[in-house]
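# Summary of the model geometry
Listed here are the chains, written in short residue letters.
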Amino acid sequence: QQPVQSPQAVILREGEDAVINCSSSKALYSVHWYRQKHGEAPVFLMILLKGGEQKGHEKISASFNEKKQQSSLYLTASQLSYSGTYFCGQTSGNTPLVFGKGTRLSVIA
Amino acid sequence: DTGVSQDPRHKITKRGQNVTFRCDPISEHNRLYWYRQTLGQGPEFLTYFQNEAQLEKSRLLSDRFSAERPKGSFSTLEIQRTEQGDSAMYLCASSLTGFHVHFGEGSWLTVV
């Protein structure tokens, strides 16, 4: 069962912040976040393991609440290069990643 | 560190023909995955290998699809008797024990 992402799409001006949510109906072991630009392969951003951890990479960070079966990706002070489609992928242990339908992010000048 | 490579990158084929895609994973990675992605959708899991063993196949994988990883290194995905609904990007990915999954650039298939 695939995770549900929200919003489906968002438009930001440079410098604005955004939050992308990913929720699941199944108990999760880990959540993986990827960004994909049009016509390219998904690029790994970060992985979060159960334990409620948070991670960050420059101005992109994420949290994972395994009790609520939710993860959120935070993009702060967005840049034009952040544009793309963001996917969360989930595993429930030793299983292959199952991806959501994606959130399309457009950053405009 | 060479990434995951896929070949061919683009393939146009006539309906009913067979096509084969090849994937070379990152050399030390023991897991190899195949996904399919259509426009506006996330990658859909097809199958995966741990070393040479095919551990799981999705219900999406009809009998016309077959995947192999003969020596636990490269993998092939063959689609027999292609249909227009098979048009998609086929993504290969690899990982070491399931963490940090690296994707290849994908193989675009167009069935005409």
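Criteria and cut-off values
- Residues numbered from 1 in each chain as written.
- Chains lettered and ligands numbered in written order.
- Predicted model: local features only at pLDDT ≥ 70, side-chain atom pairs only at ≥ 80, totals over all residues.
- Heavy atoms only, no water.
- Buried < 20%, exposed > 50% of the residue type's maximum accessible area, 1.4 Å probe, protein only.
- Helix = DSSP H or I, 4+ residues; strand = E, 2+ residues; numbered from the N terminus.
- Pairing = 2+ DSSP bridges.
- Polar contact = N/O pair within 3.5 Å; in protein donor to acceptor, adjacent residues only side chain to side chain.
- Contact = heavy atoms within 4.5 Å.
- Phe/Tyr/Trp six-rings, centres within 6.5 Å; stacked < 30°, edge-to-face > 60°.
- Lys NZ or Arg CZ within 6 Å of the ring centre and 35° of its normal.
- Salt bridge = Lys/Arg side-chain N within 4 Å of Asp/Glu carboxyl O.
- Disulfide = S-S within 2.5 Å.
- Core = buried A, V, L, I, M, F, W, Y, C linked by side-chain atoms within 4.5 Å.
- Buried area = accessible area lost by both parts, 1.4 Å probe.

All right, on to the pairing of strand 4 (residues 30-36) of chain A then. Residue and element names in this part refer to chain A. With seven of its seven residues buried, strand 4 lies for the most part within the structure. Neither face of strand 4 is open: one carries Ser30, His32, Tyr34 and Gln36, the other Val31, Trp33 and Arg35, and all of them are buried. Of the pairings in the sheet, the one linking strand 4 to strand 5 (residues 43-49) comprises six bridges and is antiparallel in character. From the neighbouring strand, Tyr34 faces strand 5, where its bridge partner is Phe44.

A separate point is the side chain of Ser94(B). All names here are of chain B. Within the secondary structure, Ser94 sits in strand 9 (residues 88-96). Overall, the relative accessible area of 0% leaves Ser94 in the buried class. Of the polar contacts made by the side chain of Ser94, one reaches the backbone nitrogen of Ile26; its length is 3.4 Å. Aside from chain neighbours lying at most four places away, what touches Ser94 is Val4, Pro25, Ile26, His29, Arg31, Leu32, Tyr33, His100, Val101 and His102.

This brings us to the packing of aromatic side chains. The full count for this structure, using the stated rule, is 13 aromatic pairs over all chains. Between Tyr34(A) and Phe44(A), the ring centres sit 5.7 Å apart and the planes meet at 75°, which makes this aromatic pair edge-to-face. With Tyr34(A) in strand 4 and Phe44(A) in strand 5, this residue pair connects regions lying 10 residues apart in the sequence. A relative accessible area of 0% means that Tyr34(A) is categorised as buried. Here a set of aromatic residues connected by ring pairs shows up, and it is made of Tyr34(A), Phe44(A), Phe87(A), Phe99(A), Tyr33(B), Tyr35(B), Phe45(B), Tyr48(B) and Phe103(B). Stacked on the ring of Phe74(B), the Lys or Arg Arg22(B) has its end atom at 4.0 Å from the ring centre.

Residues and elements named next belong to chain B. A complete count under the given rule lists three salt bridges over all chains for this structure. Ionic pairing is found between Asp24 and Arg22, a salt bridge with its closest N-O pair at 2.8 Å. With a relative accessible area of 25%, Asp24 lands in the partly exposed category. For the salt bridge of Arg64 with Glu83, the shortest nitrogen-to-oxygen distance reads 3.4 Å. Of this pair, Arg64 sits in the loop between strand 6 (53-57) and strand 7 (65-68) while Glu83 sits in the loop between strand 8 (75-79) and strand 9, placing them 19 residues apart in sequence. The class of Arg64 is buried, set by a relative accessible area of 12%. On the basis of relative accessibility, which here comes to 40%, the residue Glu83 falls in the partly exposed class. Residues participating in the shared-partner salt-bridge network are Arg64, Glu83 and Asp86.

The next thing to look at is the state of the cysteines. Residues and elements named next belong to chain A. As enumerated under the stated definition, the model contains two disulfides over all chains in all. Across the disulfide, Cys22 is cross-linked to Cys88 (sulfur-sulfur distance 2.0 Å). Judged by the torsion about the S-S bond (75°), the Cys22/Cys88 disulfide is right-handed. Placement of Cys22 in strand 3 (residues 18-23) and of Cys88 in strand 9 (residues 84-91) is noted, with a sequence separation of 66 residues between them. In this pair, the class of Cys22 matches that of Cys88, namely buried.

Counting residues in each nonpolar core, the largest one holds 20 residues, and the members touching the most others are Trp33(A), Met46(A), Leu73(A), Leu75(A), Tyr82(A), Tyr86(A) and Leu105(A). With near-sequence residues (within four places) excluded, Leu75(A) lies in contact with Glu16(A), Asp17(A), Ala18(A), Ile20(A), Lys59(A), Ile60(A), Tyr82(A), Tyr86(A) and Leu105(A).

Okay, the interface of chain B and chain A next. Interfaces are frequently sized by the accessible area removed from exposure as the parts join. Contacts between the two partners involve 21 residues from chain B, matched on the other side by 18 residues from chain A. Carbon and sulfur atoms make up 61% of the area that chain B and chain A hide from each other, which totals about 1600 Å². Linking chain B with chain A are zero salt bridges, by the criterion used here. Here chain B and chain A share three residue pairs in polar contact (both at pLDDT 80 or more) between them. Looking at the side of chain B that touches chain A, the elements that each hand over two or more residues are strand 4 (31-37), strand 5 (44-50), strand 9 and strand 10 (99-103) of chain B.

As a further point, take unusual backbone geometry. The step from Ser6(A) to Pro7(A) runs through a cis peptide bond, and the omega angle for that step is -5°. As for its placement among the helices and strands, Pro7(A) is situated in the loop between strand 1 (4-6) and strand 2 (9-13). The residue after Asp7(B), namely Pro8(B), is reached through a cis peptide bond having omega -5°. Mapped onto the elements of the fold, Pro8(B) is located in the loop between strand 1 (5-7) and strand 2 (10-13). In the Ramachandran plot, Ala77(A) falls in the positive-phi region, its phi being about 45° despite a non-glycine side chain. Following the sequence through the fold, Ala77(A) ends up in the loop between strand 8 (70-75) and strand 9. On the basis of relative accessible area, Ala77(A) is assigned to the partly exposed category, the value being 28%. Residue Asn51(B) is not a glycine yet carries a positive backbone phi of 55°. Looking at the secondary structure, you find Asn51(B) in the loop between strand 5 and strand 6.

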